[in-house]
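Below, each chain spelled out in residue letters.
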Amino acid sequence: MFHIDKNKIIVSSLPIIVDGYNDLLFDDEPILYTGFNKDGNIIIGSSVDEDYEKKIERHFHSQVSKEIYFNFLKQEISYRRLLEEVQSFFVIDSSFDGKTTTIYLVNIKDIPEDYLPTYEAYCPEEVYKPAYEYGLILTGKKANEHIADITEATNLQDNFAKLARLKIKNFPFSTIAYLLPSNKAASFDFNFKIEIKEGEQLDILFDEKEFMSFFYQYLDFCSNYLLKEKEVFIGDEGDFPKFNSLRKVFLDLYKKLNISIEDEIENILKEEIKKSASTLESMTENIGKNFTTIQFSNKVDGRINTICIFDEKYRDIIEETNVTIEKYSPEYYSDKEVNSYRIQIYNLNTETRKGSAYVESGDYRLKVKFSILGDEPIEESKYTQSLDKGKVIDIKGKAKKVKEEIKRLEIEFEKE
Amino acid sequence: MMTFNKIREDVNVDCIKEFKPKENTEDIFTRALKSNKITDDDLKSLWELGRKGYNSKKEICQRKGLSVDKLSNINIDEIEKKYKRIKQFKTKSRRCYFYCKFRFMKNAGKVWDSLVIRDSHKTFFKSDSFTKENLIVLEIRLL
């Protein structure tokens with residue numbers, strides 16, 4: 001066991017996990033684990049070594065930001081890099097009987113190289129188990145005061161319900177989300193329970209748990225890996241490990257339901273993902289206004305798993321991803337000239353000048369995404385009036401269409 | 001008749017009654033090893049090594065038993081990846097240089113579905129008469 005100067009000893013409960021303990025790697029003992037300290041900050045811990053003469057076991061604990069934690073969970077950074085970047089790095093010595101604990105506040109340079117994790121030490125990949133409970137936690141700005149704008153809260157709930165309502169072609173059932181009571185500790189949160197809504201004939205071979213594992217993997221793909229593997233939607237050749245893994249599980253589900261449409265399977269899955277990606281764009285379009293992040297998580301075997309942290313960067317990337325996928329469609333068309341449209345705005349982020357609206361198209365009203373060009377303030381404009389009073393307004397802009405259906409509007413700013 | 005007095009001693013939880021482990025002589029399991037031979041050290045629980053500072057019933061019972069992975073729940077590549085990963089995180093790990101595939105003989109002990117992270121993870125409670133000869137070793141491989 002390596003020596004640490006006594007002057008590094010501190011008296012603090014900061015690195016101690018008191019809530020949400022979760023093993024990430026285990027063999028006889030927890031090798032890698034996470035949890036929250038008394039202030040609700042994320043702690044990552046790992047087993048380092050034992051001294052059988054002094055009867056001491058040693059662990060590394062570090063306090064990490066949500067962003068670093070999430071990047072670690074998704075194998076974006078190794079544990080070694082994480083330890084090099086964290087500001088609060090602790091060594092904790094506990095006696096074998098658990099009665100005494102010594103905490104050292106250290107720098108990574110205090111640790112001999114042969115005790116540090118290697119640069120190849122990446123977090124184990126997520127194991128997709130059946131998950132029925134999902135949650136959205138808002139943080140930052142108003143959310144930290146435990147309040148949320150009603151329109152934004154409604155938008156989030158509606159869009160989550162849409163995301164969770166998975167109705168796949170030929171499947172004799174769909175999923176449905178119910179709202180659960182809030183957790184008091186979170187800044188502002190929504191909790192949902194997902195249930196299977198059975199259709200006319202549900203095959204006796206259908207394994208609900210298997211489907212719910214797929215559902216978890218599906219949401220993880222849409223939230224995270226779609227951004228990295230979007231080329232699978234634009235016909236590029238390449239390695240798409242996460243999409244292929246999801247596709248395989250999806251195909252197995254079809255096989256078990258005795259539905260033989262193997263040729264179509266990829267397109268069916270892609271169409272579902274596109275719909276969900278569009279919903280995720282709507283879900284995240286208010287980020288930056290009254291809250292800065294949405295932590296998307298679920299509960300498996302009593303453990304909370306973070307699926308994704310949606311922030312401003314994510315909001316912009318999911319939009320770019322959807323635009324890229326739409327543009328690739330053979331039926332994609334963009335107005336060459338500015339045209340007139342009648343719209344009613346139902347969601348608008350005045351910070352980003354982007355939102356969602358109903359647009360009149362013949363006898364129909366379509367839901368579309370829009371952005372307002374220019375940099376003139378849009379508060380007190382006809383756009384906010386449309387939002388606040390539910391007014392239908394005339395606008396000028398260019399539409400982007402797929403299969404003759406308007407998907408997006410680029411609106412030219414007009415004062416009146 | 002198997003007895004589990006060693007599992008019951010020194011703690012205020014009866015892991016056998018609480019978690020209802022079952023004898024399993026059918027399936028193939030794996031366990032990480034220190035060398036290319038199974039030694040008694042490889043089969044000592046944390047509790048036997050004197051590491052007893054745990055509180056919850058589940059934690060105590062996990063440490064009274066041994067971690068094994070059931071091969072039918074996981075493929076061998078994933079097992080190897082797991083053991084290699086342990087060495088990457090805990091470079092001073094006592095085991096994880098080799099691993100063995102084995103079956104349990106009758107009366108070796110009982111297996112608990114302790115479900116830590118993966119379904120393949122099980123906790124094996126040695127019976128009082130357990131020795132390393134109670135394992136039918138099929139293969140030992142280098143990690």
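Higher on the page you've got the structure.
Numbers given to residues run from 1 along each chain, matching the order in which its sequence is written. Here the convention is simple: chains get letters from A, ligands get numbers from 1, in the order in which they are written. Side-chain atom pairs in this predicted model are given and counted only at pLDDT of 80 or more, local residue features only at pLDDT of at least 70, and totals for whole chains, interfaces and linings cover all residues. Calculated side-chain values reflect all of the structure's heavy atoms, with hydrogen atoms and water omitted.

## Quick look at the packing of helix α4 (residues 208-228) of chain A against helix α7 (residues 312-328) of chain A
All names here are of chain A.
- All axes are obtained by fitting lines to C-alpha atoms, using only the stretch in contact for helices, and the reported angles, taken between N-to-C directions, cover 0 to 180 degrees. Numbering of helices and strands runs from the N terminus, with a helix taken as a DSSP run of H or I at least four residues long and a strand as a DSSP run of E at least two residues long. With their axes 10 Å apart at the nearest point, α4 and α7 run at an angle of 65° to one another. The two elements α4 and α7 meet at a crossing, and its hand is left-handed. Two secondary-structure elements touch here, α4 through Cys222, Ser223, Leu226 and Leu227 and α7 through Tyr314, Ile317, Ile318, Thr321 and Ile325.
- Residues are grouped as follows: Ala, Val, Leu, Ile, Met, Phe, Trp, Tyr, Cys and Pro are nonpolar; Asp, Glu, Lys and Arg are charged; all remaining types, including Gly, are polar. Class assignment of the residues belonging to the contact of α4 with α7 gives a composition of 7 nonpolar, 2 polar and no charged. Crossings are sorted by hand: turned counterclockwise from the far helix by less than a right angle, the near helix makes the crossing left-handed, and turned clockwise it makes it right-handed. Here, two residues are considered to be in contact whenever any of their heavy atoms come within 4.5 Å of each other.

## Things to note about the packing of aromatic side chains
- A pair of Phe, Tyr and Trp rings is counted when the ring centres sit within 6.5 Å of each other, with Trp represented by its six-membered ring. The angle between the planes then sorts it: under 30 degrees is stacked, over 60 is edge-to-face, the rest tilted. One pass over the structure, following the stated rule, counts 37 aromatic pairs over all chains.
- Ring centres of A:Phe233 and A:Phe243 lie 6.3 Å apart, and the angle between their planes is 70°; on these two criteria the pair is classed as edge-to-face. With A:Phe233 in the loop between α4 and α5 (241-256) and A:Phe243 in helix α5, this residue pair connects regions lying 10 residues apart in the sequence.
- According to the relative accessible area criterion, A:Phe233 is buried, its value standing at 7%.
- Seen in terms of ring centroids, B:Tyr83 and B:Tyr99 are 5.8 Å apart; in terms of plane orientation they differ by 45°. Their pairing is tilted. Pair noted here: B:Tyr83 is in helix α4 (residues 76-89) and B:Tyr99 is in strand β3 (residues 98-104), with a separation of 16 residues, a long-range link.
- We classify B:Tyr83 as buried; its relative accessible area is 0%.
- An aromatic cluster is present here, built from A:Tyr134, A:Phe160, A:Phe192, A:Phe215, A:Phe296, A:Phe310 and A:Tyr314 joined pairwise through their rings.
- Whether a charge lies above a ring is judged from NZ of Lys or CZ of Arg, which has to be within 6 Å of the ring centre and within 35 degrees of the ring normal. Over the ring of A:Phe2 we find A:Arg58; its NZ or CZ atom is 4.5 Å from the centre of that ring. Under the scheme applied here, a residue whose accessible area is under 20% of the maximum for its type counts as buried, over 50% as exposed, and between as partly exposed, the area being computed with a 1.4 Å probe on protein chains only.

## Some thoughts on the pairing of strand β1 (residues 29-33) of chain B
All names here are of chain B.
- Across the 5 residues that make up β1, a large majority, 5, are buried.
- Both faces of β1 are covered, namely the face carrying Phe29, Arg31 and Leu33 and the face carrying Thr30 and Ala32.
- Here the rule is simple: two strands pair whenever DSSP picks up at least two bridges between them. As defined by bridge partners, β1 adjoins strand β2 (residues 66-70) across 2 bridges and the pair is classed as antiparallel. Opposite phenylalanine 29, over in β2, you have lysine 70 as the bridge partner.
- Sheet topology places β1 next to β3; 5 bridges connect them, and they run antiparallel. Looking at β3, one finds that alanine 32 is bridged to tyrosine 99.

## Remarks on the state of the cysteines
- The criterion for a disulfide is a pair of cysteine sulfur atoms lying within 2.5 Å. Counted by the stated rule, this structure contains 1 disulfide over all chains.
- The disulfide partner of B:Cys15 is B:Cys61, and the S-S distance across this bridge is 2.1 Å. Across the disulfide from B:Cys15 to B:Cys61, rotation about the S-S bond amounts to roughly -90°, and the bridge is consequently left-handed. Of this pair, B:Cys15 sits in helix α2 (residues 15-19) while B:Cys61 sits in helix α3 (residues 57-64), and the two are 46 residues apart along the sequence.
- Free cysteine A:Cys308: the closest other cysteine sulfur is in A:Cys222, separated by 11 Å.
- The structure places no disulfide on B:Cys96, whose sulfur is separated from the nearest cysteine sulfur, that of B:Cys100, by 12 Å.

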